[in-house]
Amino acid sequence: MKKIQTLDSVTIDKIAAGEVIERPASIVKELTENAIDAGATSINIEIVDGGITSIRISDNGEGIEKEDIRDAFLRHSTSKIKSAKDLFSIHTLGFRGEALSSIAAISMVELRTKTKDSDFGISYQIEGGKEKDFREIGTPIGTTFLIQQVFYNTPARRKFLKSPITEAGHINGYVTRLSLSHPEISFHFISNGQTKLHTSGSGKLKEVIFQVYGREIASELLEVSFKEEDLTIKGLIGKPIISRGNRSYENFYVNGRYVKSQILSKATEDAYKGYT
């Protein structure tokens, strides 16, 4: 029997990163959810080659305090919870504290951030989990992440990524669903220099639907609103004239998070029986 040994921290971080970061879309998901939790009202997402070459995410949120920056990249470091009892009252999109550590373990990362009470911002560079630079810079209030060369140091993982077009499609789908659940936030998504989605952040869901699905769909919608005790249901449903033969236009959200649910799909489809 081979001797049992304890893995070093670098190997542990890379293995853990593979569990959290499956593809570039995972990075976009983690960082945009962090931006929303930081109170951002405007989020810009720019990718090159499906996010494989680079991902740039900027927000106007509250930023990260200088003394917290290094700690933010440690595994299981988070500002969302303090103890196990907090797991029963989570109101944020993320809380595990694994995202930044995992992203830094498999890519080249530069963080630029500034809080409203700071005179200067901070630029922090970390590659493959190792710190490269930490210095003061001039930068707007908020946070910007520049992620380059995803899985550059884990070629086995990089090998299983799909084509840049496919990876960009995954990111586009995620940003689209996020914009529908947060019409109060302006999302600007750019792929290879071309704007794919730009919402106003006006808070009007119908405007976002117009941007995503076009005039034909947006003009044939009915508002839904129901409330009973602790349950609230609201949204928009389409008239039978714009019905589709698949579920690609169905989007369900529970507490602001996109979910796939056969129960919700069947309930909606049963309600439409006799009208389509």
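Per-chain numbering applies: the sequence of each chain, read as written, is numbered from 1 onward. At least 70 in pLDDT is required for a residue's local features to be given in this predicted model, at least 80 for side-chain atom pairs to be given and counted, and no such filter applies to totals for whole chains, interfaces and linings, which use all residues. As a convention, hydrogens and water are excluded, and side-chain values are obtained from all of the structure's heavy atoms.

Attention shifts here to helix α6 (residues 164-181). A run of H or I in DSSP counts as a helix once it spans at least four residues, and a run of E counts as a strand once it spans at least two, with each numbered from the N terminus. Each helix should span, by expectation, one fewer than its residue count multiplied by 1.5 Å. The end-to-end C-alpha distance of α6, which contains 18 residues, comes to 26 Å, matching closely the 26 Å that a straight helix rising 1.5 Å per residue would cover. When accessible area is computed with a 1.4 Å probe and restricted to protein chains, residues below 20% of their type maximum are described as buried, those above 50% as exposed, and intermediate ones as partly exposed. Where α6 is concerned, the buried positions are E167, A168, I171, G173, Y174, V175, T176, L178, S179, L180 and S181.

Our focus in this paragraph is the side chain of T176. Mapped onto the secondary structure, T176 falls in helix α6. In this structure T176 comes out as buried when scored by relative accessible area, which is 14%. We call two residues contacting when some pair of their heavy atoms lies within 4.5 Å. Those residues in contact with T176 that sit more than four places away from it in its chain are L197 and V212.

The pairing of strand β9 (residues 221-228) with strand β10 (residues 231-238) spans eight bridges and is classified as antiparallel. Across the sheet, the residue bridging to S225 is K234, located in β10. In sequence, β9 turns back onto β10 through a hairpin of two residues, with E229 there showing a positive phi of about 50°. Between any two strands, pairing holds if DSSP finds at least two bridges.

We now examine the nonpolar core. Remark: nonpolar core denotes a set of buried residues (Ala, Val, Leu, Ile, Met, Phe, Trp, Tyr, Cys) joined through side-chain atoms within 4.5 Å. With 41 residues, the main nonpolar core has I27, I43, F73 and I147 as its most contacted residues. With residues up to four places along the chain from it excluded, the contact list for F73 reads L100, S101, A104, V109, L111, Y124, I126 and F145. Core analysis: the second largest hydrophobic core is formed by seven residues, V208, I209, I217 and L221 among them.

Summarising the element assignment, I36 is placed in helix α2 (residues 24-37). Residues I36 and I185, spaced 149 residues apart in sequence, show a C-alpha to C-alpha distance of 8.4 Å.

Pairing of aromatic rings covers Phe, Tyr and the six-membered ring of Trp, with a centre-to-centre limit of 6.5 Å; geometry is then stacked below 30 degrees between planes, edge-to-face above 60, and tilted otherwise. What the rule picks out here adds up to four aromatic pairs. Seen in terms of ring centroids, Y253 and Y258 are 5.8 Å apart; in terms of plane orientation they differ by 65°. Their pairing is edge-to-face. Positioned above the aromatic ring of F134, the side-chain terminus of R70 is 4.0 Å from the ring centre. Note on criteria: charge over ring means Lys NZ or Arg CZ within 6 Å of the ring centre, with the direction from the centre no more than 35 degrees off the ring normal. Between R177 and the ring centre of Y258, over which it is positioned, the NZ or CZ distance is 4.6 Å.

Moving on, we get to the sheet that holds strand β7 (residues 186-191). Taken together, the eight strands give an open sheet; going across it, the order is β5-β4-β3-β6-β2-β1-β7-β8, and neighbouring strands pair in mixed fashion. Each having just a single partner strand, β5 (130-137) and β8 (194-198) make up the two edges of the open sheet. Sheet twist, expressed as the average angle between the axes of neighbouring strands with direction ignored, equals 10°. With six bridges connecting them, strand β2 (residues 54-59) and strand β6 (residues 142-148) associate as antiparallel partners. Residue pairing across strands places I57 opposite F145, the latter belonging to β6. Here α2 sits on the sheet and contacts β1 (42-48), β2, β6 and β7; the angle it forms with β2, its principal contact strand, is near 10°. Comment: axis = line fitted to C-alpha atoms, over the contacting stretch for helices; angle = value between 0 and 180 degrees taken between N-to-C directions.

On to unusual backbone geometry. With phi around 55°, Q149 is a residue other than glycine that occupies positive phi space. Topologically, Q149 is positioned in the loop between β6 and α5 (155-159). Residue class for Q149 comes out partly exposed when judged on its relative accessible area of 28%. If you check the backbone angles, N192 has positive phi at about 50° while not being a glycine. Inspection of the secondary structure assignment puts N192 in the loop between β7 and β8.

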